[in-house]
Amino acid sequence: MGIYSEYIGQNFAFEQINHERKGMLHLISHLRNRDVLVFAADYTKGNAPISISFEDLLPINDQFSNLNGNRGLDLILETPGGSGEVAEDIVRLLRSKYNDIAVIIPGWAKSAGTIMAMACDEILMEPSSALGPIDAQISRNGQVFSADALIKGMEEIKEEVNRTNTLNVAYVPILQNISPGELQGAQNALDFAKDLVQKWLVDYKFKDWNNHSDTGEPVSLEEKQKRAYEIASTLADHGKWLTHGRSIKIQDLEDMKLKIVDYSKDEELADAIRRYYTLLKLTFESNVYKVYETVDSQIFKSINNGGISQPDAQPIPKSIPVQIECGNCSNPMDVQANLGEEQPLEEGYLPFPPNNILKCTKCPIELDITQIRKQIESQTGLPVV
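Procedures and definitions
Residues numbered from 1 in each chain as written. Predicted model: local features only at pLDDT ≥ 70, side-chain atom pairs only at ≥ 80, totals over all residues. Heavy atoms only, no water. Helix = DSSP H or I, 4+ residues; strand = E, 2+ residues; numbered from the N terminus. Expected span 1.5 Å × (residues − 1). Buried < 20%, exposed > 50% of the residue type's maximum accessible area, 1.4 Å probe, protein only. Axes fitted to C-alpha atoms, helices over the stretch in contact; angles between N-to-C directions. Parallel < 35°, antiparallel > 145°, perpendicular 65-115°, else oblique. Left-handed = near helix turned anticlockwise from the far one by under 90°. Contact = heavy atoms within 4.5 Å. Nonpolar A, V, L, I, M, F, W, Y, C, P; charged D, E, K, R; others polar. Phe/Tyr/Trp six-rings, centres within 6.5 Å; stacked < 30°, edge-to-face > 60°. Lys NZ or Arg CZ within 6 Å of the ring centre and 35° of its normal. 1 Å grid on protein atoms, 1.4 Å probe; cavity = no way out; pocket = protein on both sides within 12 Å on 5 of 7 lines; lining within 4 Å. Points joined across faces, edges and corners; volume = space filled by probe spheres on them. Pairing = 2+ DSSP bridges. pLDDT = per-residue confidence, 0-100. Core = buried A, V, L, I, M, F, W, Y, C linked by side-chain atoms within 4.5 Å.

1. Focus on helix α9 (residues 221-235)
Given 3.6 residues per turn, any residue in an α-helix points the same way as the ones three and four places further on.
Move 1: Helix length check: α9 (15 residues) gives 21 Å between terminal C-alpha atoms against 21 Å at 1.5 Å per residue, within 8%.
Move 2: Of all the positions in α9, only Lys 224, Arg 227, Ala 228, Ile 231, Ala 232, Ser 233 and Leu 235 are classed as buried.

Below, the structure written as C-alpha cells:
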C-alpha cells in the first residue's frame, strides 16, 4: 500500500494530520541531526497568494527565530516561485545564522524557489522532485511572459533588419507597443536572477569544491565562476526549457555538472520525507495554503470565507508521560518517554529504560515494556530516547 493510501485509509482529522506531520518533521531532524525549517505553499489554490512575496518575510522570520543556529539547517521547500527579491531576503536571513544550509525538495521548487536552492550548500531531491527555469517573468497588458523570450525576440528582429536592411511591416505593431524602458526592465530582471545564482553557487554550493574529481587538480576561483555562469545561463535559457513551468529533474541538473544528493537512496530518510510530504499535502486539503514551521512550532495561512487567517503557532510535546502498573503488586509508575532527543526528567517520573525493561519500584518484578515503546514510536513517528 502506498503512503497516501495508508493515511487516507486512517481517515485522520485535521489535528491528527497535524500531529503526524510534526512527528515526521521531528524524525527528519533526528535522522539528519540538523535544524529544520519548512516554507511550503499549495500549488492548487490559485485563488490564494501562494507565490513568494513580501508577506512571507514576517512568518518566516517568526519561525526562524525559534532556531538557535548551533547545527546545520535543512530547508524543506515547496513553492511555485514568486519574487526573486524576497527570495534574496530569505536567503540572507537564513545565512545570518547558519553557515551550513541544505535544501530538501520533496516535490516542486520552481522559479524563485530554484534560485533559493542554488544558495544552499547541498541540494537533496529524489527522482520525482523538480526545480524549474529561472527566466524572469514579466507582466504586460494582463499577460505574463518570459523576459528572456522577449529579449531574444527583439534581437532576432534586429538581426533580420541588419541582414535585409528592411523592417518587416508585421513587426511594426509589436515595436510600437514596446518601449526601450520595458526592454531594459526585462534585461534587468533576467540579469538579477542569473547574477544571484552565479554568486550563490560560488559562495555556497562550490565552497568545498577544491579539487577536480577526474584529475585531482585544484579548482580555481575562475573555474568555479565559469561553472556557475554556465549553470545560471542554462537555468535562465527560455529557448532550452520552452515554458517557465518546465520541470528540471536530477538528471537535468547533473547534466549541468551540478551535484545533487538523491535522498531516495537512503531508505529510512526517504520514507520520513515522503511521509512528511504526504501529510503536508493532506494539510493542504483543508483551507490552508501556506505552511511555515519548525519541529516545535508552526504558522498556517488559510482561506476562510474569502479572507486570510493565520492561526497561532502550535507547539508539539517533546516528551510523553506514560503510567505503567506493575502486574504483580499493582504499583503505578510514571515514566517519561522523550521523543527524538533527551529532555530533563520531570519530578516524580522514571526515565524510559533504554533496554525496555522497567524494574518495579516496590517489588522485584521486571516489566517488559517493548510494546509500549513501539506504540509510541508508531503513533508519533519519533524514536523514544
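Read on, since the account is not over.
2. Remarks on the packing of helix α2 (residues 14-32) against helix α12 (residues 267-284)
Move 1: The contact between α2 and α12 brings their axes to 9 Å, and the two run at 150°. With respect to α12, the element α2 is oriented roughly antiparallel. The interaxial crossing formed by α2 with α12 has left-handed handedness. Every residue of α12 that contacts α2 at Phe 14, Ile 17, Glu 20, Arg 21, Met 24, Leu 25, Leu 27, Ile 28, Leu 31 and Arg 32 is listed here: Glu 268, Leu 269, Ala 272, Ile 273, Arg 275, Tyr 276, Leu 279, Leu 280, Leu 282 and Thr 283.
Move 2: The residue inventory of the contact of α2 with α12, partitioned by class, reads 14 nonpolar, one polar and five charged.

3. A few points about the packing of helix α1 (residues 3-10) against α12
Move 1: Contact geometry for α1 and α12: axes closest at 10 Å, N-to-C directions at 50°. Classified by the angle their axes make, α1 and α12 are oblique. The two elements α1 and α12 meet at a crossing, and its hand is right-handed. Every residue of α12 that contacts α1 at Ile 3, Tyr 4, Glu 6, Tyr 7 and Ile 8 is listed here: Asp 271, Arg 274, Arg 275, Thr 278, Leu 279 and Leu 282.
Move 2: Its residues assigned to classes, the contact of α1 with α12 shows six nonpolar, one polar and four charged.

4. Things to note about the packing of aromatic side chains
Move 1: Taken as a whole, this structure holds six aromatic pairs when the rule is applied.
Move 2: Centre to centre, the rings of Tyr 43 and Trp 108 are 5.0 Å apart; their planes meet at 90°, and the pair counts as edge-to-face. Highlighted residues: Tyr 43 in the loop between β1 (35-41) and α3 (57-64) and Trp 108 in strand β4 (residues 108-109), separated in sequence by 65 residues.
Move 3: On the accessibility criterion, Trp 108 (36% relative accessible area) is partly exposed.
Move 4: For the pair Phe 206 and Trp 209, a centre-to-centre distance of 5.3 Å together with 65° between the ring planes defines the contact as edge-to-face.
Move 5: Judged by relative accessible area, Phe 206 falls into the buried class, the value being 6%.
Move 6: One Lys or Arg, Lys 97, reaches over the ring of Phe 64 and ends 4.6 Å from the middle of that ring.

5. Concerning the layout of surface pockets
Move 1: The calculated volume of the largest pocket comes to roughly 520 Å³.
Move 2: Residue assignment for the lining of the largest pocket shows that the elements contributing at least two residues are β5 (122-125) and α8 (180-205).
Move 3: Taken together, the residues that form the lining of the largest pocket break down as six nonpolar, three polar and 11 charged.
Move 4: Of the volumes computed, that of the second largest pocket is approximately 310 Å³.
Move 5: Every residue lining the second largest pocket is counted, 17 residues in all, and those nearest its centre are Ser 29, Asp 35, Arg 71, Val 295 and Glu 341.

6. Looking at unusual backbone geometry
Move 1: Positive phi outside glycine occurs at Asn 33, with the angle close to 55°.
Move 2: With respect to the element layout, Asn 33 can be found in the loop between α2 and β1.
Move 3: A relative accessible area of 51% places Asn 33 in the exposed class.
Move 4: Non-glycine residue Asn 356 carries a positive phi angle of around 70°.
Move 5: Positionally, Asn 356 belongs in the loop between β15 (350-351) and β16 (357-359).
Move 6: Given the relative accessible area of 12%, Asn 356 is considered buried.

7. Digging into the sheet that holds strand β13 (residues 319-325)
Within a beta sheet, neighbouring strands are joined by backbone hydrogen bonds and run either parallel or antiparallel to one another.
Move 1: Spatially, three strands are ordered β13-β14-β15 in an open sheet, and the strand pairing comes out mixed. Each edge of the sheet is formed by a strand with only one pairing partner; in this case those strands are β13 and β15.
Move 2: Direction of pairing for β13 relative to strand β14 (residues 332-338): antiparallel, over a ladder of seven bridges. When the sheet's bridge partners are listed, Gln 323 is paired in β14 with Asp 334.

8. Observations regarding the confidence of the model for the chain
Move 1: Across the chain, the average pLDDT comes to 85, with 85% of residues at 70 or higher.
Move 2: pLDDT under 50 marks residues 305-314. Its contacts with residues more than four places away, or in other chains, come to 23 contacts.

9. Re the nonpolar core
Move 1: In terms of nonpolar packing, the biggest core is built from 54 residues, with Leu 253 and Leu 258 touching the most fellow members.
Move 2: For this core, the element with the highest residue contribution is α8, accounting for seven residues.
Move 3: Setting aside chain neighbours within four positions, we find Leu 258 in contact with Met 118, Ile 123, Leu 201, Lys 205, Phe 206, Ile 231 and Leu 253.
Move 4: Listed in part, the 46 residues of the second largest apolar core include Met 24, Ile 273, Cys 363 and Ile 369.

10. Some details on the environment of Ala 270
Move 1: Structurally, Ala 270 is set in helix α12.
Move 2: In this structure Ala 270 comes out as buried when scored by relative accessible area, which is 0%.
Move 3: Distance from Ala 270 to Ile 28, taken between C-alpha atoms, is 9.3 Å for residues 242 residues apart in sequence.
Move 4: Setting aside its immediate chain neighbours within four residues, Ala 270 contacts Tyr 263 and Ser 264.

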